[in-house]
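Listed below are the residues making up each chain.
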Amino acid sequence: MRLPARRSLLQVASALLLRSGAPASLPLGPRSQAPDSLKCFLGSLKMEMTSMSLKRGCLAVEDNDSVAPEETKKQKVSECCLTRSQDGAENDCLPSSEIKPGPPEVESAKKGEKNFSGQVQEEEEEEDGLSEAGQEEEPESFADMMKHGLTELDVGITKFVSSHQGFSGILKERYSDFIVHEIGKDGRISHLDDLSVPVDEEDPSEDVVTVLTDEEKQQLEELQLFKNKETSVAIEVIEDTKEKRTVIHQAIKSLFPGLETKTEDREGRKYIVAYHAAGKKALANPRKHFWPKSRGSYCHFVLYKENKDTMDAINVLSKYLRVKPNIFSYMGTKDKRAITVQEIAVLKISAQRLAHLNKCLMNFKLGNFSYQKNPLKLGELQGNHFTVVLRNITGTDEQVQQAMKSLKEIGFINYYGMQRFGTTAVPTYQVGRAILQNSWTEVMDLILKPRSGAEKGYLVKCREEWAKTKDPDAALRKLPVKRGVEGQLLRGLSKYGMKNIVSAFGIIPRNNRLMYIHSYQSYVWNNMVSKRIEDYGLKPVPGDLVLKGATATYIEEDDINNYSIHDVVMPLPGFDVIYPKHKISEAYREMLTADNLDIDNMRHKIRDYSLSGAYRKIIIRPQNVSWEVVAYDDPKIPLFNTDVDNLEGKPPPVFASEGKYRALKMDFSLPPSTYATMAIREVLKMDTSIKNQTQLNTNWLR
């Protein structure tokens, strides 16, 4: 008897869109509103800060920064100047799993808080979901798919700091309801408010950008990237003047780093011939002698983007500029389902070239250009400023005032949010625990075994094949794309064999591997903080830890009045941290002992997996908190202006004294390495897990 096939994620999303009455396709524009395309909806189902209509208990939001070194993610891009076939050509070296890794360090911004489910997200088409007999199976509801998922209780998120009564609302009904502005190292909030280009006499003319035809650019790009057997490309100069030849020379050298040019006479006609200057290494390094010595090597600019994460955006910019993505730098990554504004730096690309992208890219704006001597560094930011709309709220004005006053004065518990632990029945912390236990067979099984939850059809078939045959090659054949975690591990098993799982697992990029053990650290920390608040409340007690500089010290009885709960930190387990001098220390020991780990020996025989530990504040009090309750009738209208709206001179929305709906507009700033999810949770008093959202509110499925 054959079991019914699982529904693919695409089918579920399609059914949900149809049930919600959303159009099958929507135009993509600089300010696309309303439910996004099916692609965006798929992203939302995988907890990429999804928007869900919610009754009480349903929520999803963007994190604060994710700032992990070398973190990359390949996703499909859909821009005004790109075709579908071009989308698929995006840098093959970029992994396409949903991991955004990095170590969880207290306000160090050296971690990635991007959602991780350990599943592949690629641009290939979904399976059609038909059974072998060609008949479609009975659809399985999304709520049924997620019934084995995690709740907040499963990952130690159990406490609130405030006593107000919670209320419901719709968060991120539109991605434009969630705006993030980066706060730089100087404390200044980044805004896009100037599109002008710095005047520089040494900049080439505008003709440099337009003088080459699309066909010529294609030929030059193939030459630059060694994609054909030709050693040169010849471009005929139709209007033969010295000025025209100079512009073509400049265009090739500036648009295609690594190529040299020369002028040749052929049968009485002038040609500009492009050829490689110094082999493949020249491609990675923009030409030094083509950059004015009088200005800084880096062009800093403010990037405004809609519904696209930072790495996607940089991949798009690098594609259009025809450079490698690694010449860009930034202080922190911003997630997809939001409007975000942040500073970016790029090596030896002029503001003029960058500004030209505003003419052909949609959902992006570049501005506030300046030349600086240095790039940006991960973690240099002070945090992010959030502007959030909760639509259709049910709370009374008094409830809203109580909730927001508590957020402003007390803050929220600095838990690691649900997106830290994955969305399927196999939490990422379980994989991390198995790594720390040196249980490599279990690591392999946890990553590859079938599991409940919404997954792409081909990934479901891959897991089923693995469970049936334990043959990595057979399972790999079920994957049309192999750059996700599952595909990488299977390739490793095929290469090194089933008896060398450590080496096979090592094929997965380092940051992605470390995400698993950092997830375990986060799991322990959440549980211990809940116990600390349960046992001792919201006041510092003797034996608590506080930071003096970067060093943790104990609070003694005689200096207890010198500290507040906002000073108290708790350790993430590791070999280089100390633990509180009260019963929570024993709770750490008991929890790790139950997991067959030795708290006194957190060094792993594989150095990468040795945990040094870190400290994290247990309560975060947002800064610059303000709020307003507004009335509105049309759920599609924006409730505040973006930077682009202000640049275009659009007047701010005007609200009536009464309306069909009420919305809560919130503004607040958070330090790096914190989850905005947890701040919203404290206001609404709701479980933020996708399991709880679908169980408590299945009306959105109808």
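None of these values were measured; they are calculated from a predicted model.

This part covers the overall build of the protein. Secondary structure assignment for the protein yields 22 helices and 18 strands. Every one of the 702 residues in the protein was classed for burial, and the buried ones make up 58%. Expressed as a percentage of contacts within the protein between residues at least 6 apart in sequence, the contacts between residues at least 24 apart total 80%. Accessible surface computed for the protein: about 29300 Å², of which carbon and sulfur atoms make up 48%.

Bringing the pattern of salt bridges into the picture now. Counted under the stated rule, the structure contains 23 salt bridges. For Lys650, the salt bridge is made with Asp645, and the minimal N-O distance between the two is 3.5 Å. Assessed through its relative accessible area of 3%, Asp645 is described here as buried. Overlapping salt bridges bring together Lys262, Glu264 and Arg266 as one network.

A separate point is the sheet that holds strand 13 (residues 551-554). Overall, antiparallel pairing links the 4 strands, which are arranged 13-12-14-15 in an open sheet. Whereas interior strands pair on both sides, the edge strands pair on one side only; in this sheet they are strand 13 and strand 15 (614-617). Averaged over all adjacent pairs, the angle separating strand axes in this sheet is 55°, with direction ignored. Judged from the 4 bridges that link them, strand 12 (residues 545-548) and strand 13 form a sheet pairing that is antiparallel. By the bridge assignment for strand 13, Val546 is matched with Thr553. Relative to strand 14 (residues 568-572), helix 18 (residues 510-536) is tilted by about 145°, and along the sheet it contacts strand 14 and strand 15.

So, about the packing of helix 18 against helix 19 (residues 583-594). Between two packed helices, the angle of one axis relative to the other and the distance separating the axes together describe the packing. Closest axis-to-axis distance for the helix 18/helix 19 pair is 10 Å, and the angle between their directions is 145°. Pair helix 18 / helix 19 crosses with right-handed handedness. Mapping the contact onto sequence places Tyr520, Tyr523, Val524, Trp525, Asn527, Met528, Lys531, Arg532, Asp535 and Tyr536 in helix 18 and Lys583, Ile584, Ala587, Tyr588, Met591 and Leu592 in helix 19. Across the contact of helix 18 with helix 19, the residue classes break down as 11 nonpolar, 1 polar and 4 charged.

Quick look at the side chain of Ser406 now. Inspection of the secondary structure puts Ser406 in helix 11 (residues 397-409). Relative accessible area serves as the criterion here: at 10%, Ser406 is assigned to the buried category.

Moving on: the packing of helix 13 (residues 440-448) against helix 16 (residues 485-496). At a minimum axis distance of 10 Å, the contact between helix 13 and helix 16 shows a crossing angle of 135°. Taken together, the axes of helix 13 and helix 16 lie oblique to each other. Viewed along their axes, helix 13 and helix 16 form a crossing whose handedness is left-handed. Each of Met444, Ile447 and Leu448 in helix 13 lies in contact with helix 16, whose residues at this interface are Val485, Glu486, Leu489, Leu490 and Leu493. The residue makeup of the contact of helix 13 with helix 16, split by class, is 7 nonpolar, no polar and 1 charged.

Glancing now at unusual backbone geometry. If you check the backbone angles, Arg322 has positive phi at about 60° while not being a glycine. Structurally, Arg322 is set in the loop between helix 9 (310-321) and strand 7 (328-330). Arg322 sits in the buried class, given a relative accessible area of 19%. For Ser673, which is not glycine, the phi torsion reads 70° and is therefore positive. Following the sequence through the fold, Ser673 ends up in the loop between strand 18 (661-670) and helix 21 (676-684).

Attention now moves to the environment of Leu592. Residue position: Leu592 is located in helix 19. Separated by 159 residues in sequence, Leu592 and Arg433 have C-alpha atoms that sit 9.6 Å apart. For Leu592, the residues in contact, after removing those within four places along its chain, are Tyr520, Val524, Pro573, Leu597, Ile599 and Met602.

Now for the sheet that holds strand 5 (residues 269-276). The sheet built from 3 strands is open, its strands ordered 3-5-4 with antiparallel pairing. The sheet is open, and its two borders are formed by strand 3 (232-236) and strand 4 (259-266), each paired with just one other strand. Strand-to-strand twist in this sheet, taken as the mean axis angle between neighbours without regard to direction, amounts to 25°. For strand 4 and strand 5, the ladder comprises 8 bridges, and the chain directions are antiparallel. The partner of Glu264 across the bridge, within strand 5, is Tyr271. Along the sheet, helix 6 (residues 214-224) contacts strand 3, strand 4 and strand 5; its crossing angle with strand 3, the most-contacted strand, is approximately 160°. Across the sheet, helix 7 (residues 242-255) is in contact with strand 3, strand 4 and strand 5; its angle to strand 4 comes to roughly 150°.

Here the focus is the confidence of the model for the protein. Residue-level pLDDT values for the protein average 76, and 73% of them are 70 or greater. Confidence drops under a pLDDT of 50 for residues 1-62, and excluding neighbours within four residues, the segment shows 197 contacts in the predicted structure. Under a pLDDT of 50 for its full length, residues 280-289 has, in the predicted model, 20 contacts with residues more than four places off or in other chains.

Our focus in this paragraph is the packing of aromatic side chains. Taken as a whole and judged by the stated rule, the model has 14 aromatic pairs. Here the aromatic rings of Tyr429 and Tyr523 are separated by 3.8 Å at their centres, their planes lie at 5°, and the arrangement is stacked. Of this pair, Tyr429 sits in helix 12 (residues 428-436) while Tyr523 sits in helix 18, and the two are 94 residues apart along the sequence. Tyr523 shares its class with Tyr429; the two are buried.

Definitions and cut-offs
Residues numbered from 1 in each chain as written. Predicted model: local features only at pLDDT ≥ 70, side-chain atom pairs only at ≥ 80, totals over all residues. Heavy atoms only, no water. Helix = DSSP H or I, 4+ residues; strand = E, 2+ residues; numbered from the N terminus. Buried < 20%, exposed > 50% of the residue type's maximum accessible area, 1.4 Å probe, protein only. Contact = heavy atoms within 4.5 Å. Areas by Shrake-Rupley, 256 points an atom, 1.4 Å probe, with all protein chains shown as cover. Salt bridge = Lys/Arg side-chain N within 4 Å of Asp/Glu carboxyl O. Pairing = 2+ DSSP bridges. Axes fitted to C-alpha atoms, helices over the stretch in contact; angles between N-to-C directions. Left-handed = near helix turned anticlockwise from the far one by under 90°. Nonpolar A, V, L, I, M, F, W, Y, C, P; charged D, E, K, R; others polar. Parallel < 35°, antiparallel > 145°, perpendicular 65-115°, else oblique. pLDDT = per-residue confidence, 0-100. Phe/Tyr/Trp six-rings, centres within 6.5 Å; stacked < 30°, edge-to-face > 60°.

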